[in-house]
Structures are given as structure tokens and as C-alpha cells.
Amino acid sequence: MAYGVKVKIWGDYACFTRPEMKVERMSYDVMTPSAARGILEAIHWKPAIRWVVDRIHVLNPIRFDTIRRNELASKIPKGNAEKAMKGDPAPLRVFVEDDRQQRAALVLRDVAYVIEAHFELTDKAGPEDNDGKHLDTFNRRVAKGQCFHRPYLGCREFAAFFGPADDAVSLSAHGGKRDLGWMLHDIDFEAGMEPRFFRVEMLDGVITVPAFGAEEVKA
């Protein structure tokens, strides 16, 4: 925690999709820890470090909006891609005009957050890797607006803007305690892509994220 970071994230729209909604997308009320981790990795990631989200500050009022989007009804089968890689003729195309479906989505609008997080060195860290090096690199990239790929707010079409947090953590529009129900924490990649959930309580606009292995995080 001695090498924690803060970064402000904002955007026009966001959709942190609830996994129980199978057809039409419906967003959680706030950003999920896995989405926050993805944003941090988009700004700075190396095999030598692993990001851990500690707190999420919800700055703006929670507002929903309904939009309709064109989506594909199907996807190219995995087997076709494997056959094509081996040189076998297999169709690797989808005609959008023939496979388009219009679906509704309940999304967030005018969102702004501050992510508090820290990083841990992994077993892939080399002699040249140290906490100070990666901390300076992250802060420098945030100040310059640099990223490996454009971070997004749940869905790739909802681009995220980012910058130094400064005093933004004191600007939350929320007061008191609010129970937001169960939310996706992250995916356990070592347990066959098993999702893990936790009960979210927002206190004065701040969500404290439990450790991934904590007792309150359930499969």
C-alpha cells in the first residue's frame, strides 16, 4: 500500500454489464473492480506487476439511460478458426446485414470515478523491476494521457478519459450509506474462469473493494 496510485476516470456513457442479463445489456450502478483493473492495465501493464483495486470513488450522481444498438446475433465458431490456422478451407466471415439484431441496453451516463489501487510484483519480475520504477512510469503516463490501448467503461464503444485525481476524491455527490447489492469482483482465471462476487456497500460515495481471496468474496 506504500505505492498506491489514484487516477480519475470519466466518460459520457458506461455499461458494466450484469452477467445475469443474457440478452439485453443492463449495467451495474457503478464501476466493477474488474473494469477498474482493466483501465489501469490499459494505462500501464507489464508481466512484472499485478494491479489490485482498493477503493472506487463514485463522483457523479448515478443516472441511467436507455439506448438501442445493432449487435451480431452470432459469432464465428472457434472450430472454423482452428481449421483455417491449419490450412483447411473454413468460412471466417460474417455478413452484418444478414446477422444484425437490434437490442436495448440500460447504460450509465455522465460517469466519473477515482480509482485507488496498488500493484504487486509478480514472479516474472526481473532485477530491473522495482516499485519506484513502475510507480513513476504509471504517474508519468497518466499525466501525459498515454496508454497502451484506449481504456473503456465496460464496453469498447464507451471510451474512458483519464487524468490525475488531484482533489477529485472530495467531490463525490453521494452521502450516507447505500447498499448496491451483489457485484462481480473479478474472474478467477486459475479456477476455470470462475466469476467471484461481493456485496457492495457505498459509504459517502466510496466503495472499499475486499481482497480477491477475502471471505466476503463468493464464487
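Bear in mind that the values here come from a model prediction, so they are computed numbers and not experimental data.

## What about the environment of Gln146?
Logical step 1: Looking at where Gln146 falls in the secondary structure, it is placed in the loop between helix 4 (131–144) and strand 6 (161–164).
Logical step 2: Taking relative accessible area as the criterion, Gln146 reaches 33% and is therefore assigned partly exposed.
Logical step 3: In sequence terms Gln146 and Gly163 are 17 residues apart; their C-alpha atoms lie 9.8 Å from each other.
Logical step 4: Beyond its immediate chain neighbours, meaning those up to four positions away, Gln146 contacts Ile43, Arg141 and Phe162.

## Topic: the state of the cysteines
Logical step 1: Tallying each qualifying case throughout the model produces 0 disulfides.
Logical step 2: Between Cys15, a cysteine without a disulfide, and Cys155, which holds the nearest cysteine sulfur, the sulfur-to-sulfur distance is 4.3 Å.
Logical step 3: Looking at Cys15, the relative accessible area reads 1%, which means it is buried.
Logical step 4: For Cys147, which is in no disulfide, the shortest distance to another cysteine sulfur is to Cys155 and amounts to 18 Å.

## Digging into the packing of aromatic side chains
Logical step 1: Evaluation of the coordinates by the stated rule reveals 5 aromatic pairs.
Logical step 2: With a centroid separation of 6.2 Å and an interplanar angle of 20 degrees, the aromatic rings of Trp10 and Phe161 are classed as stacked. With Trp10 in strand 1 (residues 5–14) and Phe161 in strand 6, the pair connects residues that are 151 residues apart, well separated along the chain.
Logical step 3: Judged by relative accessible area, Phe161 falls into the partly exposed class, the value being 36%.
Logical step 4: Relative to Tyr113, the ring of Phe16 has its centre 6.2 Å away and its plane inclined at 70 degrees; by these criteria the two rings are edge-to-face. Of the two residues, Phe16 is situated in the loop between strand 1 and strand 2 (25–26) and Tyr113 in strand 5 (residues 100–121); the sequence distance between them amounts to 97 residues. Taken as a pair, Phe16 and Tyr113 share a single burial class, namely buried.
Logical step 5: Here the guanidinium or amino end of Lys8 rests over the ring plane of Trp10, the centre of that ring lying 5.6 Å away.

Thresholds applied
- Residues numbered from 1 in each chain as written.
- Predicted model: local features only at pLDDT ≥ 70, side-chain atom pairs only at ≥ 80, totals over all residues.
- Heavy atoms only, no water.
- Helix = DSSP H or I, 4+ residues; strand = E, 2+ residues; numbered from the N terminus.
- Buried < 20%, exposed > 50% of the residue type's maximum accessible area, 1.4 Å probe, protein only.
- Contact = heavy atoms within 4.5 Å.
- Disulfide = S-S within 2.5 Å.
- Phe/Tyr/Trp six-rings, centres within 6.5 Å; stacked < 30°, edge-to-face > 60°.
- Lys NZ or Arg CZ within 6 Å of the ring centre and 35° of its normal.

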